[in-house]
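Descriptive structure summary
Chain residues, written in single-letter form:
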Protein chains: 2
Amino acid sequence: MEKPYVVGMDMGGTNTVFGIVDARGNVVSKSAIKTGTHTDVNLYINDVYTELIKLIDAVGGVSKIKGIGVGAPNGNYYTGNIELAPNLPWKGIIPFAKLMSEKFGIPAALTNDANAAAVGEMTYGAALGMKNFIMITLGTGVGSGIVIDGKVVYGHDGFAGELGHVTVVKNGRKCGCGRLGCLETYASASGVARTAREILETTKKDSLLRNIPIDDITSKDVFDAAVDGDVVAKEIFQFTGEILGESFSNFVPFSAPEAIVLFGGLAKAGDMILNPIIESMEKNQLDLWKGKVKVIFSDLKEADAAVLGASALAWEL
Amino acid sequence: MEKPYVVGMDMGGTNTVFGIVDARGNVVSKSAIKTGTHTDVNLYINDVYTELIKLIDAVGGVSKIKGIGVGAPNGNYYTGNIELAPNLPWKGIIPFAKLMSEKFGIPAALTNDANAAAVGEMTYGAALGMKNFIMITLGTGVGSGIVIDGKVVYGHDGFAGELGHVTVVKNGRKCGCGRLGCLETYASASGVARTAREILETTKKDSLLRNIPIDDITSKDVFDAAVDGDVVAKEIFQFTGEILGESFSNFVPFSAPEAIVLFGGLAKAGDMILNPIIESMEKNQLDLWKGKVKVIFSDLKEADAAVLGASALAWEL
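Fair warning: this is a prediction, and the values are worked out from it, not measured in the lab.

1. Describing the overall build of chain A
Along its length, chain A carries 9 helices and 12 strands. Judged by the C-alpha coordinates and their principal axes, chain A covers about 60 × 45 × 35 Å. When burial is assessed residue by residue, chain A has 57% of its 317 residues classed as buried. Restricting the contact set of chain A to residue pairs at least 6 apart, pairs at least 24 apart contribute 62%. Summed over its atoms, the accessible surface of chain A is roughly 12800 Å², and 52% of this surface lies on carbon and sulfur atoms.

2. What about the sheet that holds strand β7 (residues 108-111) of chain A?
Two orientations exist for strands paired in a sheet by backbone hydrogen bonds: parallel and antiparallel. Residue and element names in this part refer to chain A. Spatially, 5 strands are ordered β3-β2-β1-β4-β7 in an open sheet, and the strand pairing comes out mixed. Only two strands of the sheet have a single partner each, and these edge strands are β3 (27-34) and β7. Within this sheet the neighbouring strands show an average axis-to-axis angle of 15 degrees, counted without direction. Relative to strand β4 (residues 65-71), strand β1 (residues 5-11) runs parallel, the two being bridged by 5 bridges. Paired with Tyr5 across the bridge in β4 is Ile65. Lying on the sheet, helix α2 (residues 96-104) is in contact with β1, β4 and β7; it crosses β7 at an angle near 155 degrees. Contacts from helix α3 (residues 113-124) reach β1, β2 (15-22), β4 and β7, with the element oriented near 110 degrees to β7.

3. Let's talk about the sheet that holds strand β9 (residues 142-148) of chain B
Residues and elements named next belong to chain B. With respect to topology, 5 strands assemble into an open sheet ordered β10-β9-β8-β11-β12, the strand pairing being mixed. At either margin of the open sheet sits one strand with a lone partner, and together these are β10 (151-152) and β12 (294-297). One ladder, built from 4 bridges, connects strand β11 (residues 259-263) with β12; its direction is parallel. Following the sheet pairing, Val261 is matched in β12 by Ile296.

4. Describing the confidence of the model for chain A
Looking at chain A as a whole, the pLDDT averages 94, with 100% of positions reaching at least 70. Prediction confidence for the complex, expressed as pTM and ipTM, is 0.92 and 0.91 respectively.

5. Remarks on the packing of helix α5 (residues 189-202) of chain B against helix α7 (residues 231-255) of chain B
Angle between the axes and distance between the axes: these two values describe a pair of packed helices. All names here are of chain B. Where α5 meets α7, the closest approach of the two axes is 10 Å, and the angle between their N-to-C directions is 125 degrees. In terms of orientation, α5 and α7 fall into the oblique class. The two elements α5 and α7 cross, and the hand of that crossing is right-handed. Contacts between α5 and α7 pair Val192, Thr195, Ala196, Ile199 and Leu200 from the former with Val232, Glu235, Ile236, Phe239 and Thr240 from the latter.

6. Considerations on the interface of chain A and chain B
Taken together, the contact pairs 40 residues of chain A with 40 residues of chain B. Between chain A and chain B the total buried area reaches about 3200 Å² when both faces are included, carbon and sulfur atoms providing 59% of it. For chain A, the biggest contributors to the area lost against chain B are His156, Phe254 and Leu286 of chain A; these three give 23% of the whole. On inspection of chain A and its partner chain B, the count reaches 4 salt bridges. Here Lys170 of chain B ties to Glu246 of chain A by a salt bridge, and the two come within 2.9 Å at their closest N and O atoms. The tally of links between chain A and chain B comes to 18 residue pairs in polar contact (both at pLDDT 80 or more). For the side of chain A that touches chain B, the secondary-structure elements that each account for two or more residues are β9 (142-148) and α7 (231-255) of chain A. The dominant element in the side of chain A that touches chain B, judged by the number of residues it contributes, is α7 of chain A, at 7 residues. For the side of chain A that touches chain B, the residue count by class is 19 nonpolar, 11 polar and 10 charged.

7. As for the relation of the copies chain A and chain B
In screw terms, the move from chain A to chain B is a rotation of 180 degrees and a rise of 0.0 Å along the axis, fitting with an RMSD of 0.1 Å. Taken together, these values place the two copies in the relation of a two-fold axis. A share of 100% of the interface residues of chain A reappears at the interface of chain B, consistent with the copies meeting face to face through the same patch.

8. Here we look at the pairing of strand β4 (residues 65-71) of chain B
Side chains on a regular strand alternate between the two faces of the sheet. Residue and element names in this part refer to chain B. Judged by how many residues are buried, β4 sits mostly within the fold: 6 of 7 residues are covered. Relative to strand β7 (residues 108-111), β4 runs parallel, the two being bridged by 4 bridges. Directly across from Gly69, in β7, lies its bridge partner Ala109.

9. Section: the nonpolar core
Residues Ile136, Leu209 and Phe248 of chain A together with Ile136, Leu209 and Phe248 of chain B are the most contacted members of the largest nonpolar core, which totals 98 residues. Setting aside residues no more than four positions away along its own chain, Leu209 of chain B makes contact with Ala196, Leu200, Ile217, Asp221, Val222, Ala225, Asp230, Val232, Ala233 and Ile236 of chain B. Core analysis: the second largest hydrophobic core is formed by 32 residues, Ile45, Ile53, Ala72 and Phe96 of chain A among them.

10. Thoughts on the pattern of salt bridges
All names here are of chain B. Taken as a whole, this structure holds 18 salt bridges over all chains when the rule is applied. With its nearest N and O atoms 2.9 Å apart, the salt bridge here joins Lys205 to Glu235. Taken together, the residues Lys205 in the loop between α5 and α6 (219-227) and Glu235 in helix α7 connect sequence positions 30 residues apart. Look at Glu235 and you get partly exposed, because its relative accessible area is 29%.

11. A few points about the environment of Asp149 of chain A
Take Asp149 of chain A: it is sitting in the loop between β9 and β10 (151-152). The partly exposed category is assigned to Asp149 of chain A, whose relative accessible area is 41%. Separated by 25 residues in the primary sequence, Asp149 of chain A and Tyr124 of chain A place their C-alpha atoms 17 Å from one another. Apart from residues no more than four positions distant in its own chain, Asp149 of chain A is found in contact with Lys131 and Asn132 of chain A together with Tyr78 of chain B.

12. Quick word on the environment of Ile296 of chain A
All names here are of chain A. With respect to the element layout, Ile296 can be found in strand β12 (residues 294-297). Sequence separation between Ile296 and Ile82 is 214 residues, and the spatial gap between their C-alpha atoms is 30 Å. In contact with Ile296, not counting residues within four places along its chain, are Ala126, Met130, Ala259, Ile260, Val261 and Leu262.

Cut-offs used in this document
Residues numbered from 1 in each chain as written. Chains lettered and ligands numbered in written order. Predicted model: local features only at pLDDT ≥ 70, side-chain atom pairs only at ≥ 80, totals over all residues. Heavy atoms only, no water. Helix = DSSP H or I, 4+ residues; strand = E, 2+ residues; numbered from the N terminus. Buried < 20%, exposed > 50% of the residue type's maximum accessible area, 1.4 Å probe, protein only. Contact = heavy atoms within 4.5 Å. Areas by Shrake-Rupley, 256 points an atom, 1.4 Å probe, with all protein chains shown as cover. Pairing = 2+ DSSP bridges. Axes fitted to C-alpha atoms, helices over the stretch in contact; angles between N-to-C directions. pLDDT = per-residue confidence, 0-100. Parallel < 35°, antiparallel > 145°, perpendicular 65-115°, else oblique. Left-handed = near helix turned anticlockwise from the far one by under 90°. Buried area = accessible area lost by both parts, 1.4 Å probe. Salt bridge = Lys/Arg side-chain N within 4 Å of Asp/Glu carboxyl O. Polar contact = N/O pair within 3.5 Å; in protein donor to acceptor, adjacent residues only side chain to side chain. Nonpolar A, V, L, I, M, F, W, Y, C, P; charged D, E, K, R; others polar. Least-squares fit on C-alpha atoms with pLDDT ≥ 70 in both. Core = buried A, V, L, I, M, F, W, Y, C linked by side-chain atoms within 4.5 Å.

Shown next as structure tokens:
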């Protein structure tokens, strides 16, 4: 193959990770820089270039690279722009794919991180061979990537697949988006921490979590406590799973997927979260789909998944 | 054109309407038989044949017909089967497209009525030229057809697009599907009648609707009363529109459509239903989509729309 590699780049609010990926989904090499410290996007791209070109040169230079795939918050696949991203240091509309492509002299494509994860799962992971599935990323926020007939759904404007902002509790928790009761306010890492605080503050139940200052509790603390058999921590995962399962039963009538694939930190809770999800989804599912829709975890190595997902975009360039 | 016509067939629980349609979307001729009186599907097809072959012969015989498109409850596009339709006289799984194709010696395709309506709207109607829209049919039930990148979404099993059964009120009204709070229990014709009964039974408000025995009130009565300025009737449309608008704001994050197209009896309520829909959708909409998603009415002639929609399927055969 003349161009045997692609670059995958995962841009988060704090860190940016990039790597060289081969056609089998091996991350050949990997590096990272800080995102948040760059208030000027051009200086950010210069710093990406300085690090990334070393990796590229090590595999034979830009002539060996088919393209660069970028997963970025508020990334628009159609335009290649990052638009109004609240968690990035640069504001407004940034023609990021164009800037990268010009800097490196290689084609570049961009989408949001959850869509990138869906492409990665379909290209190298648990959804290999699936034509219809929904990817749900349970991280700092809740993201989604919807695949129909083997293609990611981008919609009329390039932003389709924001299932983290479907209302799941009417007049529920305040969301960062300004609305109330979004799935993200319950099922993200910070949603889990909020649930913990609510239970600890409104009940007298004994819990290992009471050893931690209440405002410092993280979803990782809840996970650790649950592993140690803490009843409150298990109740938190049960509650979170129920809300996710109900939501899934409302997503299924839209695209009738073969599976819902879960990715991100919360997926580590394994059966503690999967069992209530499946139970609640099946209970709320329309008869037509009872027992028919799988809920599975991503099988991409977590440290590499975001880079792999973004890289998968570049094979289509 | 060698085969200048298609057949469109709209199968309802009570009546079946079929017609000959040309490439411009003109219904050249039309006829109907009863559905519900046929307990044997083969006898039903015989009766369809007797009537339909007259229309076909009048345009030059089966050699002039490209195919037959059927819109049927619980119709599966992939298999051509009607599966477990609660409102049809024949039970189980019926290979309907195959039976029709064998009877007439012409290819036949089948989908559910709302998907057929979406294809019709895209081929001849308000969604002409649109690649991403959601069709919502507000009739006896609430159906939907989702179009992404110019194609109807059928999903993994052929049944995608059942948005009438998305939960809109937790532990809400009992639905025919056995679940609680489905959109259909509020926004269908019978949902509107239920809302009327609830308001009349739980308040003392003056209303023209009190002149009708409460169990006989239909959505048509509510419409007539609203046209006459009845405050309760207007309140009913306001409530129905608000629920629809909230639901739409939760559908948009899935596929980011250009428009939501409304079809069916309730659409006749015009601005009385459209204004609260838009107001409530915009209020609940994620900032990203505020002011960007149109809500419009179908512009297909109502008497012909179902036949046109079904016929549009047949051009792809």
